[in-house]
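Structural overview
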Amino acid sequence: MLFNSCMKRQMFINRYKNKKKLNPEDLSRKSATFCVKRFSGSHTFDAIAEMLESVHLEFNLTSDKIAGSVSDNGSNFVKAFREFGINEFYVPESDCIETSANDSDSGDDSEPVDDDIVLHPDENEEVVITDFSYYQLPKHFRCASHTLNLLATTDFLKVLKKNDYEDYKDKHTTALEKSQCLWKSLRSLKKKEEVRKELNCFLKRPVPTRWNSLFDSWKQLFDKWKLITSREVQNIVSMPNEFDYSDYDHIREYLLWNEPLAKCIDKLQGEDNMYYGYVLPTLLNLRLKWKNL
């Protein structure tokens, strides 16, 4: 497995090096890939933390240079940052406001504070002692695109398992099984080529690792519904249970509700012009579109 350890660091996340935030010529934000490493062995949370720490040390990326690291929602990634990550942004000593002796109520009787003790603002909370001699990872941000993709896939299937949605679940299962039968039949190169001649394109099919793949596949199927359900295509694929109007209506409804979410995911997973400033406006726009449906 190739592991880039979230090292495509956007220059603007360096909160204390303002001169490097923007390109001085066109004021565009910049990013750079530091390294790509092979991650051998088990991808346990401590191994992930060790890999990230080694990259940080190799490029002298101290806590005052990293505002945060972004990863997907993989359990081992999340655990690595939960066990070894800091909870707040690191503030360099030079940025701290100096307080005079008159500003302190503790006077000379105050006891020295251990550097390994993190004090919480809430006095009722338990004091947490953190051992930074092991690994120290920056603040963790979960990828917004991956989180929304889980909403459209994993969370959607969990909702269908509830008793209140039995009717919708049956319709969804039936339409999906017929679609999968169609896609599986096109594994034959001969059938695939014959269908391509009828549709003037190859049919897409869902891939678990490709976000929005079910939406994209059903969108194409819906757009070419008349051709796909024609006798010519049905004779080629030989489906045991052909599509009917109930399947058409369900796919239409699925696309109607998922199109705003699919567009949102596509926008947020952009490579060149996507930054955290886009996340909240995109989510608010998604909520507005769903309200107007």
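Here the structure is a predicted model, which means the values were calculated and not measured.

Looking only at helices and strands, one finds eleven helices and eight strands in the chain. Considering the chain as a whole, with its 293 residues, one finds that 31% of them fall into the buried category. Pairs at least 24 residues apart make up 70% of the contacts formed inside the chain by residues separated by at least 6 positions. For the chain, the accessible surface area stands at approximately 19800 Å², while carbon and sulfur atoms represent 50% of it.

Next up on the list: the packing of aromatic side chains. A complete count under the given rule lists ten aromatic pairs for this structure. A ring pair is formed by F34 and F59, whose centres lie 5.1 Å apart and whose planes are at 15 degrees; its orientation type is stacked. In this pair, F34 sits in the loop between strand 3 (31–33) and strand 4 (37–38) while F59 sits in the loop between helix 1 (45–58) and strand 5 (69–71), placing the two residues 25 residues apart along the sequence. The class for F59 is partly exposed, based on a relative accessible area of 31%. Considering the side-chain rings of F156 and Y168, the 6.4 Å spacing of their centres and the 85 degrees angle between planes classify their relative orientation as edge-to-face.

Counting residues in each nonpolar core, the largest one holds 24 residues, and the members touching the most others are L182, W218 and L221. Broken down by secondary-structure element, the contributors of at least two residues to this core are helix 4 (154–160), helix 5 (166–185), helix 6 (189–199), helix 7 (213–223), helix 8 (225–228), helix 9 (231–237) and helix 10 (245–268). Ranked by residue count, the leading element in this core is helix 10, at four residues. With residues near it in sequence (within four places) discarded, W218 still touches H172, A175, L176, S179, W183, H250, I251, Y254 and L255.

End to end, helix 5 covers 28 Å across 20 residues, agreeing with the expected 28 Å (1.5 Å per residue, within 8%). For helix 5, the complete set of buried residues consists of H172, A175, K178, S179, L182, W183 and S185. Where helix 5 is buried, its residues touch helix 4, helix 6, helix 7, helix 8, helix 9 and helix 10.

Moving on: the pattern of salt bridges. Counted according to the given criterion, the structure contains nine salt bridges. Notably, a salt bridge pairs E242 with R231, separated by 3.0 Å at the nearest N-O pair. In this pair, E242 is assigned in the loop between helix 9 and helix 10 and R231 in helix 9, connecting sequence segments eleven residues apart. E259 serves as the salt-bridge partner of K263, at 3.5 Å between the closest nitrogen and oxygen. Within this pair, K263 and its partner E259 are both found in helix 10, separated by four residues, close to a single helical turn.

Here helix 10 crosses helix 11 (residues 279–291) at 170 degrees, and the two axes come no closer than 9 Å. By the angle between their directions, the pair helix 10 and helix 11 is classed as roughly antiparallel. Contacts from W257, P260, L261, C264, K267 and L268 of helix 10 reach helix 11 at V279, T282, L283, L286, K289 and W290. The residue makeup of the contact of helix 10 with helix 11, split by class, is nine nonpolar, one polar and two charged.

Attention now goes to the confidence of the model for the chain. Mean pLDDT over the chain works out to 79, with 76% of the residues at or above the 70 mark. Overall, residues 1–20 carries pLDDT values under 50, and its contacts beyond four positions in sequence, including any with other chains, amount to 62 contacts.

Time to look at a nonpolar patch on the surface. Taken together, the side chains of L256, W257 and L293 define a hydrophobic patch exposed on the protein surface, amounting to about 280 Å² of accessible area. Here L293 is to be found in the segment after helix 11. The class for L293 is partly exposed, based on a relative accessible area of 44%.

On the secondary structure map, S71 appears in strand 5. On the basis of relative accessibility, which here comes to 5%, the residue S71 falls in the buried class. Here H140 takes part through its side chain, which lies 2.7 Å from a polar atom of the side chain of S71.

Thresholds applied
- Residues numbered from 1 in each chain as written.
- Predicted model: local features only at pLDDT ≥ 70, side-chain atom pairs only at ≥ 80, totals over all residues.
- Heavy atoms only, no water.
- Helix = DSSP H or I, 4+ residues; strand = E, 2+ residues; numbered from the N terminus.
- Buried < 20%, exposed > 50% of the residue type's maximum accessible area, 1.4 Å probe, protein only.
- Contact = heavy atoms within 4.5 Å.
- Areas by Shrake-Rupley, 256 points an atom, 1.4 Å probe, with all protein chains shown as cover.
- Phe/Tyr/Trp six-rings, centres within 6.5 Å; stacked < 30°, edge-to-face > 60°.
- Core = buried A, V, L, I, M, F, W, Y, C linked by side-chain atoms within 4.5 Å.
- Expected span 1.5 Å × (residues − 1).
- Salt bridge = Lys/Arg side-chain N within 4 Å of Asp/Glu carboxyl O.
- Axes fitted to C-alpha atoms, helices over the stretch in contact; angles between N-to-C directions.
- Parallel < 35°, antiparallel > 145°, perpendicular 65-115°, else oblique.
- Nonpolar A, V, L, I, M, F, W, Y, C, P; charged D, E, K, R; others polar.
- pLDDT = per-residue confidence, 0-100.
- Patch = residues over 30% accessible without salt bridge, like charges linked within 9 Å, V, L, I, M, F, W, Y side chains within 5 Å.
- Polar contact = N/O pair within 3.5 Å; in protein donor to acceptor, adjacent residues only side chain to side chain.

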